[in-house]
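If you want the building blocks of each chain, they are given just below.
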Amino acid sequence: MSPESAQKIVKLLGLGARGRLVVIGAEQVRAAAKKGKLSLAVVASDASENSRDKVLSVLKAKNIRAIEGISAADLGAAFGRDATAAVGVLDAALASGIREAAKQ
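Residues numbered from 1 in each chain as written. Predicted model: local features only at pLDDT ≥ 70, side-chain atom pairs only at ≥ 80, totals over all residues. Heavy atoms only, no water.

Can you lay out the overall build of the protein chain for me, pointing to particular residues and giving the numbers?
Within the protein chain, the secondary structure is distributed over five helices and four strands. From first element to last, N terminus to C terminus, the protein chain shows the α and β order α-β-α-β-α-β-α-β-α. Relative to the 2.2 N^0.38 estimate, which gives 13 Å for 104 residues, the radius of gyration of the protein chain is 12 Å and therefore close to what a compact globule would have. Viewed in the frame of its principal axes, the protein chain has a C-alpha envelope of about 30 × 30 × 25 Å. By the burial criterion, 45% of the 104 residues in the protein chain qualify as buried. Put simply, of all contacts in the protein chain between residues at least 6 apart along the chain, 78% involve residues at least 24 apart. When the accessible surface of the protein chain is totalled, it reaches about 5,500 Å², and 48% of it is carbon and sulfur. Between the averaged position of the 16 positive side-chain charges in the protein chain and that of its 10 negative side-chain charges there is a distance of 9 Å. (Helix = DSSP H or I, 4+ residues; strand = E, 2+ residues; numbered from the N terminus. Rg over C-alpha atoms; globule rule 2.2 N^0.38 Å. Buried < 20%, exposed > 50% of the residue type's maximum accessible area, 1.4 Å probe, protein only. Contact = heavy atoms within 4.5 Å. Areas by Shrake-Rupley, 256 points an atom, 1.4 Å probe, with all protein chains shown as cover. Lys, Arg positive; Asp, Glu negative; His and termini not counted. Charge placed at Lys NZ, Arg CZ, Asp CG, Glu CD.)

How would you sum up the nonpolar core? Please name residues and give values.
Ranked by size, the top nonpolar core spans 24 residues in total, and within it Ile9, Leu13, Val22, Val42, Val89 and Ile98 carry the most contacts. Elements with a contribution of two residues or more to this core: helix 1 (3–18), strand 1 (22–24), strand 2 (40–44), strand 3 (66–70), helix 4 (72–77), strand 4 (86–89) and helix 5 (92–103). If you look at the next biggest cluster of nonpolar residues, it comprises 13 residues, including Ala26, Ala32, Leu59 and Ile64. (Core = buried A, V, L, I, M, F, W, Y, C linked by side-chain atoms within 4.5 Å.)

Could you give an account of the packing of helix 2 (residues 26–34) against helix 3 (residues 49–61), naming the residues involved and the relevant values?
For any two helices packed against each other, the geometry comes down to the angle between their axes and how far apart the axes lie. Running from N to C, helix 2 and helix 3 cross one another at 15 degrees; their axes reach a closest spacing of 9 Å. Accordingly, the angle class assigned to the pair helix 2 and helix 3 is roughly parallel. In the packing of helix 2 onto helix 3, the handedness of the crossing is left-handed. Mapping the contact onto sequence places Ala26, Glu27, Val29, Arg30, Ala33 and Lys34 in helix 2 and Lys54, Val55, Val58 and Leu59 in helix 3. The residue inventory of the contact of helix 2 with helix 3, partitioned by class, reads six nonpolar, no polar and four charged. (Axes fitted to C-alpha atoms, helices over the stretch in contact; angles between N-to-C directions. Parallel < 35°, antiparallel > 145°, perpendicular 65-115°, else oblique. Left-handed = near helix turned anticlockwise from the far one by under 90°. Nonpolar A, V, L, I, M, F, W, Y, C, P; charged D, E, K, R; others polar.)

Give a description of the environment of glycine 25 that names residues and reports values.
Locating glycine 25 in the fold gives a position in the loop between strand 1 and helix 2. With relative accessibility at 14%, the residue glycine 25 sits in the buried group. For the pair glycine 25 and valine 55, spaced 30 residues apart in the sequence, the C-alpha separation amounts to 9.7 Å. In this structure, glycine 25 is in contact with Thr84 and Ala86, ignoring residues within four places of it in sequence.

Now, about the sheet that holds strand 3: what can you tell me, with residues and values included?
Taking strand neighbours across the sheet as the criterion, the four strands line up as 1-4-2-3 in an open arrangement whose pairing is mixed. Only two strands of the sheet have a single neighbouring strand rather than two, namely strand 1 and strand 3. On average, each strand axis in the sheet is inclined to that of its neighbour by 20 degrees, with strand direction left out of account. Here strand 1 runs beside strand 4; their pairing, made up of three bridges, is antiparallel. Bridge pairing links valine 23 to glycine 88 in strand 4. (Pairing = 2+ DSSP bridges.)

Which residues make up the side chain of arginine 52, and what values go with them?
Tracing the chain through its elements places arginine 52 in helix 3. The class for arginine 52 is buried, based on a relative accessible area of 16%. Beyond its immediate sequence surroundings of up to four residues, arginine 52 is in contact with Val43, Ala44, Ser45, Ala47 and Glu68.

Set out below in structure tokens:
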């Protein structure tokens, strides 16, 4: 993933957070996925193996696409945190915009 694409995705996630269209953190992503509320997830490329396994297994079981390639520090910066392992997107339109940005 190009740095420009990663930066655009982080900005979109930040906007989503302001509109309460995303859930932040591995446990919240897992919970939302289990409830069938997620449209997309962004998983940090440098998240711990344990966190990645927990999140990705639920996403795969629920057939939810996961985008990887952004660092935990960059993801966390979008939400005023030091680091974030995963972010889930609840809104279908926002998820579509992030998928488009990831293709670039």
